[in-house]
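Each chain, written out:
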Amino acid sequence: MTTRILLVEDEPALARGLADNLQDEGYDVRVVARGDQVMDAVRDDRPDLIVLDIMLPGRSGLDVLRDLRASGDPVPVLMLTAKGELVDRVVGLELGADDYLPKPFAVRELLARVRALLRRTALARPPDELTIGGVRFDFRALTATGPDGPCELTPHDILVLRVLSAHRSEVVRRVDIIEEVCGLDSEATLRTVDNHVMALRRAIGDDPRRPRWLHTVRGEGYRLTVE
Ligand code: CA
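What counts and what doesn't
- Once a new chain begins, its residue numbering starts again from 1 and follows that chain's sequence as written.
- For a predicted model such as this one, the threshold for reporting local features is a pLDDT of at least 70, and the threshold for listing and counting side-chain atom pairs is 80 or more; totals across whole chains, interfaces and linings nevertheless cover every residue.
- Excluded from the side-chain calculations are hydrogens and water; all other atoms, namely the structure's heavy atoms, are used.
- Each domain's extent is set by a domain assignment, obtained either automatically or from a database.
- Any Lys or Arg side-chain nitrogen located within 4 Å of an Asp or Glu carboxyl oxygen qualifies as a salt bridge.
- Helix and strand definitions here come from DSSP, where helices need a minimum of 4 consecutive H or I residues and strands a minimum of 2 consecutive E residues; each element is numbered from the N-terminal end.
- Under the scheme applied here, a residue whose accessible area is under 20% of the maximum for its type counts as buried, over 50% as exposed, and between as partly exposed, the area being computed with a 1.4 Å probe on protein chains only.
- Water is absent from the atoms considered, so a metal site may look incomplete; donors are defined as N, O and S atoms within 2.8 Å of the metal, or 3.2 Å for Na, K and Ca.
- Strand pairing follows a simple DSSP-based rule, namely that at least 2 bridges must link the two strands.
- A fitted line through C-alpha atoms represents every axis, and for helices the fit uses only the stretch in contact; the resulting angles, taken between N-to-C directions, go from 0 to 180 degrees.
- Note on contacts: a residue pair is in contact if any heavy atoms of the two residues lie within 4.5 Å.

Draft legend 1. How the structure looks around the domain arrangement of the protein chain. When its domains are assigned, the protein chain resolves into domain 1 (4–123) and domain 2 (129–224). The straight-line distance from the C-alpha centre of domain 1 to that of domain 2 is 34 Å.

Below, the structure written as C-alpha coordinates:
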(Lines give C-alpha, C1' and ligand atoms only; values in the text may rest on other atoms or scores of the structure.)
Protein backbone atom coordinates (compact mmCIF):
# COMPACT_ATOMS: atom_id res chain seq x y z
CA MET A 1 0.00 0.00 0.00
CA THR A 2 1.27 3.43 -0.88
CA THR A 3 2.17 5.73 1.97
CA ARG A 4 0.15 8.92 1.84
CA ILE A 5 1.70 12.21 2.85
CA LEU A 6 -0.20 15.43 3.32
CA LEU A 7 2.06 18.40 2.70
CA VAL A 8 0.78 21.67 4.16
CA GLU A 9 2.88 24.50 2.76
CA ASP A 10 1.81 27.84 1.33
CA GLU A 11 4.97 28.82 -0.55
CA PRO A 12 4.19 27.46 -4.05
CA ALA A 13 7.79 26.88 -5.16
CA LEU A 14 8.77 25.10 -1.94
CA ALA A 15 5.57 23.04 -1.95
CA ARG A 16 6.13 21.97 -5.55
CA GLY A 17 9.78 21.07 -4.96
CA LEU A 18 9.02 19.04 -1.85
CA ALA A 19 6.06 17.31 -3.44
CA ASP A 20 8.20 16.28 -6.43
CA ASN A 21 10.91 14.89 -4.19
CA LEU A 22 8.46 13.02 -1.98
CA GLN A 23 6.77 11.56 -5.06
CA ASP A 24 10.15 10.45 -6.39
CA GLU A 25 10.55 8.50 -3.15
CA GLY A 26 7.33 6.67 -3.93
CA TYR A 27 4.98 8.53 -1.62
CA ASP A 28 1.51 9.55 -2.59
CA VAL A 29 1.51 13.31 -1.94
CA ARG A 30 -1.30 15.78 -1.58
CA VAL A 31 -0.53 19.47 -1.13
CA VAL A 32 -2.72 21.86 0.83
CA ALA A 33 -1.79 25.56 0.99
CA ARG A 34 -4.21 26.79 3.65
CA GLY A 35 -4.39 25.88 7.33
CA ASP A 36 -8.18 25.89 7.33
CA GLN A 37 -8.27 23.16 4.67
CA VAL A 38 -6.17 20.64 6.59
CA MET A 39 -8.87 18.96 8.65
CA ASP A 40 -10.99 18.32 5.54
CA ALA A 41 -7.97 16.90 3.71
CA VAL A 42 -7.17 14.65 6.66
CA ARG A 43 -10.74 13.40 6.76
CA ASP A 44 -10.80 12.70 3.02
CA ASP A 45 -7.32 11.22 2.58
CA ARG A 46 -6.38 9.63 5.94
CA PRO A 47 -2.68 10.50 5.44
CA ASP A 48 0.03 8.37 7.05
CA LEU A 49 2.07 11.46 7.83
CA ILE A 50 1.63 15.23 7.71
CA VAL A 51 4.38 17.74 6.91
CA LEU A 52 3.02 20.91 8.46
CA ASP A 53 4.25 24.47 8.01
CA ILE A 54 3.44 26.87 10.85
CA MET A 55 2.88 30.20 9.13
CA LEU A 56 -0.13 29.52 6.95
CA PRO A 57 -3.09 31.49 5.66
CA GLY A 58 -6.46 30.59 7.13
CA ARG A 59 -5.27 28.86 10.29
CA SER A 60 -1.80 28.52 11.77
CA GLY A 61 -0.02 25.20 11.78
CA LEU A 62 -0.02 25.20 15.57
CA ASP A 63 -3.80 25.63 15.67
CA VAL A 64 -4.17 22.88 13.08
CA LEU A 65 -2.02 20.61 15.21
CA ARG A 66 -4.14 21.41 18.25
CA ASP A 67 -7.32 20.58 16.28
CA LEU A 68 -5.83 17.30 15.09
CA ARG A 69 -4.82 16.09 18.52
CA ALA A 70 -8.06 17.34 20.09
CA SER A 71 -9.91 15.16 17.59
CA GLY A 72 -7.86 12.21 18.79
CA ASP A 73 -5.96 11.79 15.52
CA PRO A 74 -2.50 10.33 16.25
CA VAL A 75 -1.16 10.84 12.68
CA PRO A 76 2.57 11.63 12.86
CA VAL A 77 3.32 15.30 12.22
CA LEU A 78 6.62 16.75 11.07
CA MET A 79 6.54 20.48 11.69
CA LEU A 80 8.39 23.00 9.57
CA THR A 81 9.49 25.98 11.64
CA ALA A 82 11.06 29.19 10.43
CA LYS A 83 14.53 29.92 11.67
CA GLY A 84 14.57 31.22 15.21
CA GLU A 85 10.98 30.27 15.98
CA LEU A 86 12.06 28.48 19.12
CA VAL A 87 8.79 29.21 20.89
CA ASP A 88 6.78 27.70 18.05
CA ARG A 89 8.97 24.64 18.11
CA VAL A 90 8.50 24.11 21.84
CA VAL A 91 4.77 24.77 21.66
CA GLY A 92 4.51 22.45 18.66
CA LEU A 93 6.19 19.58 20.44
CA GLU A 94 3.99 20.18 23.48
CA LEU A 95 0.94 20.10 21.23
CA GLY A 96 1.97 16.72 19.92
CA ALA A 97 4.21 17.26 16.90
CA ASP A 98 6.47 14.23 16.44
CA ASP A 99 9.44 16.03 14.96
CA TYR A 100 10.37 19.44 13.59
CA LEU A 101 12.66 20.77 10.95
CA PRO A 102 13.84 24.38 10.98
CA LYS A 103 13.76 26.25 7.66
CA PRO A 104 15.78 26.47 5.54
CA PHE A 105 16.57 22.77 5.27
CA ALA A 106 18.07 20.46 2.68
CA VAL A 107 15.48 18.33 0.92
CA ARG A 108 17.41 15.15 1.70
CA GLU A 109 17.18 16.08 5.40
CA LEU A 110 13.42 16.30 5.12
CA LEU A 111 13.27 12.96 3.31
CA ALA A 112 15.41 11.35 6.01
CA ARG A 113 13.14 12.74 8.75
CA VAL A 114 10.03 11.52 6.95
CA ARG A 115 11.49 8.03 6.58
CA ALA A 116 12.58 7.90 10.23
CA LEU A 117 9.22 9.11 11.46
CA LEU A 118 7.30 6.58 9.39
CA ARG A 119 9.56 3.81 10.63
CA ARG A 120 9.16 4.90 14.24
CA THR A 121 5.39 5.02 13.91
CA ALA A 122 5.22 1.59 12.34
CA LEU A 123 7.31 0.16 15.18
CA ALA A 124 5.23 1.87 17.83
CA ARG A 125 2.07 0.22 16.55
CA PRO A 126 1.45 -2.69 18.88
CA PRO A 127 0.56 -6.05 17.37
CA ASP A 128 -3.03 -7.29 17.73
CA GLU A 129 -1.84 -10.40 19.47
CA LEU A 130 1.24 -11.96 20.92
CA THR A 131 2.07 -15.43 22.23
CA ILE A 132 4.65 -15.78 25.00
CA GLY A 133 5.31 -18.78 27.17
CA GLY A 134 2.38 -20.61 25.62
CA VAL A 135 -0.01 -17.81 26.55
CA ARG A 136 -1.84 -16.05 23.75
CA PHE A 137 -2.59 -12.40 24.42
CA ASP A 138 -5.33 -10.72 22.46
CA PHE A 139 -4.69 -6.97 22.72
CA ARG A 140 -8.04 -6.00 21.28
CA ALA A 141 -10.25 -8.17 23.44
CA LEU A 142 -7.75 -7.79 26.33
CA THR A 143 -7.79 -11.50 27.05
CA ALA A 144 -5.03 -14.00 27.74
CA THR A 145 -5.42 -17.71 27.11
CA GLY A 146 -2.98 -20.38 28.21
CA PRO A 147 -2.91 -24.12 27.48
CA ASP A 148 -5.36 -24.69 30.34
CA GLY A 149 -7.78 -21.91 29.41
CA PRO A 150 -8.13 -18.22 30.29
CA CYS A 151 -5.42 -16.72 32.52
CA GLU A 152 -6.24 -14.77 35.62
CA LEU A 153 -5.02 -11.44 34.35
CA THR A 154 -6.77 -8.08 34.53
CA PRO A 155 -7.23 -5.86 31.47
CA HIS A 156 -4.64 -3.52 33.01
CA ASP A 157 -2.10 -6.36 33.23
CA ILE A 158 -2.63 -7.03 29.54
CA LEU A 159 -2.44 -3.33 28.66
CA VAL A 160 0.97 -3.13 30.33
CA LEU A 161 2.18 -5.94 28.10
CA ARG A 162 0.63 -4.18 25.12
CA VAL A 163 2.70 -1.06 25.85
CA LEU A 164 5.86 -3.11 26.24
CA SER A 165 5.16 -5.00 23.02
CA ALA A 166 4.65 -1.74 21.15
CA HIS A 167 8.22 -0.85 22.16
CA ARG A 168 9.75 -4.30 21.86
CA SER A 169 13.42 -4.51 22.88
CA GLU A 170 13.36 -0.95 24.24
CA VAL A 171 13.46 0.03 27.88
CA VAL A 172 10.10 1.57 28.77
CA ARG A 173 10.07 3.73 31.88
CA ARG A 174 7.51 2.83 34.51
CA VAL A 175 6.12 6.35 34.52
CA ASP A 176 5.52 6.09 30.75
CA ILE A 177 3.77 2.76 31.22
CA ILE A 178 1.45 4.31 33.82
CA GLU A 179 0.73 7.24 31.56
CA GLU A 180 -0.15 5.01 28.60
CA VAL A 181 -2.16 2.47 30.55
CA CYS A 182 -3.88 4.55 33.22
CA GLY A 183 -3.66 8.12 31.97
CA LEU A 184 -1.89 11.04 33.58
CA ASP A 185 -4.43 11.75 36.30
CA SER A 186 -4.59 8.28 37.73
CA GLU A 187 -3.68 7.28 41.27
CA ALA A 188 -1.41 4.54 39.99
CA THR A 189 2.11 4.45 41.37
CA LEU A 190 5.33 2.98 40.05
CA ARG A 191 4.65 0.04 42.36
CA THR A 192 1.42 -0.58 40.43
CA VAL A 193 3.47 -1.30 37.32
CA ASP A 194 5.64 -3.76 39.25
CA ASN A 195 2.50 -5.60 40.34
CA HIS A 196 1.23 -5.85 36.77
CA VAL A 197 4.59 -7.17 35.60
CA MET A 198 4.60 -9.68 38.45
CA ALA A 199 1.18 -10.97 37.38
CA LEU A 200 2.31 -11.20 33.76
CA ARG A 201 5.46 -13.10 34.72
CA ARG A 202 3.41 -15.55 36.74
CA ALA A 203 1.08 -16.11 33.79
CA ILE A 204 3.83 -16.76 31.24
CA GLY A 205 6.12 -18.57 33.64
CA ASP A 206 8.97 -16.06 33.48
CA ASP A 207 11.46 -16.26 36.34
CA PRO A 208 12.13 -12.70 37.66
CA ARG A 209 15.66 -13.70 38.65
CA ARG A 210 16.47 -15.08 35.22
CA PRO A 211 13.85 -13.55 32.96
CA ARG A 212 13.54 -14.73 29.43
CA TRP A 213 11.01 -12.18 28.20
CA LEU A 214 10.18 -9.52 30.79
CA HIS A 215 13.38 -7.86 31.91
CA THR A 216 13.74 -5.44 34.79
CA VAL A 217 16.14 -2.61 34.02
CA ARG A 218 17.02 -1.37 37.47
CA GLY A 219 16.20 2.25 38.11
CA GLU A 220 14.78 2.60 34.59
CA GLY A 221 11.85 0.36 33.79
CA TYR A 222 11.04 -2.78 31.88
CA ARG A 223 11.98 -4.28 28.55
CA LEU A 224 10.20 -7.00 26.60
CA THR A 225 12.20 -9.26 24.33
CA VAL A 226 10.42 -11.70 22.08
CA GLU A 227 11.97 -13.82 19.36
CA1 CA B 1 4.42 29.47 5.35
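Draft legend 2. Representation of the pattern of salt bridges. In total, this model carries 19 salt bridges according to the counting rule given. The shortest N-O distance in the salt bridge between Asp53 and Lys103 comes to 3.1 Å. Of this pair, Asp53 sits in strand S3 (residues 49–53) while Lys103 is found in the loop between strand S5 (99–102) and helix H5 (107–124), placing the two residues 50 residues apart along the sequence. Overall, Asp53 belongs to the buried group, its relative accessible area being 4%. Given a relative accessible area of 14%, Lys103 falls into the buried group. Residues Asp67 and Arg59 are paired through a salt bridge, measuring 2.7 Å at the closest nitrogen-oxygen approach. The partly exposed category is assigned to Arg59, whose relative accessible area is 33%.

Draft legend 3. Up close: the coordination of the calcium ion. The calcium ion binds to the protein through Asp10 (OD), Asp53 (OD) and Met55 (O); the donor distances cover 2.1 to 2.3 Å. Considered as a linear motif, the donors of the calcium ion on their single chain read D-x42-D-x1-M. With a gap of 43 residues between them, Asp10 in the loop between strand S1 (4–8) and helix H1 (12–24) and Asp53 in strand S3 connect regions that are remote in the sequence. The exposure class of Asp10 is partly exposed, given its relative accessible area of 29%.

Draft legend 4. Up close: the sheet that holds S5. What the 5 strands build is an open sheet, ordered S2-S1-S3-S4-S5; its pairing is parallel. Looking at the sheet topology across the chains shown, the edges are occupied by strand S2 (28–32) and S5. Direction aside, the axes of adjacent strands within the sheet are offset by 20° on average. Sheet topology note: the S1/S3 ladder contains 4 bridges and is parallel. For Ile5, the partnering residue across the bridge sits in S3 and is Leu49. Sitting on the sheet, H1 is in contact with S1 and S2, with an inclination near 165° to S2.

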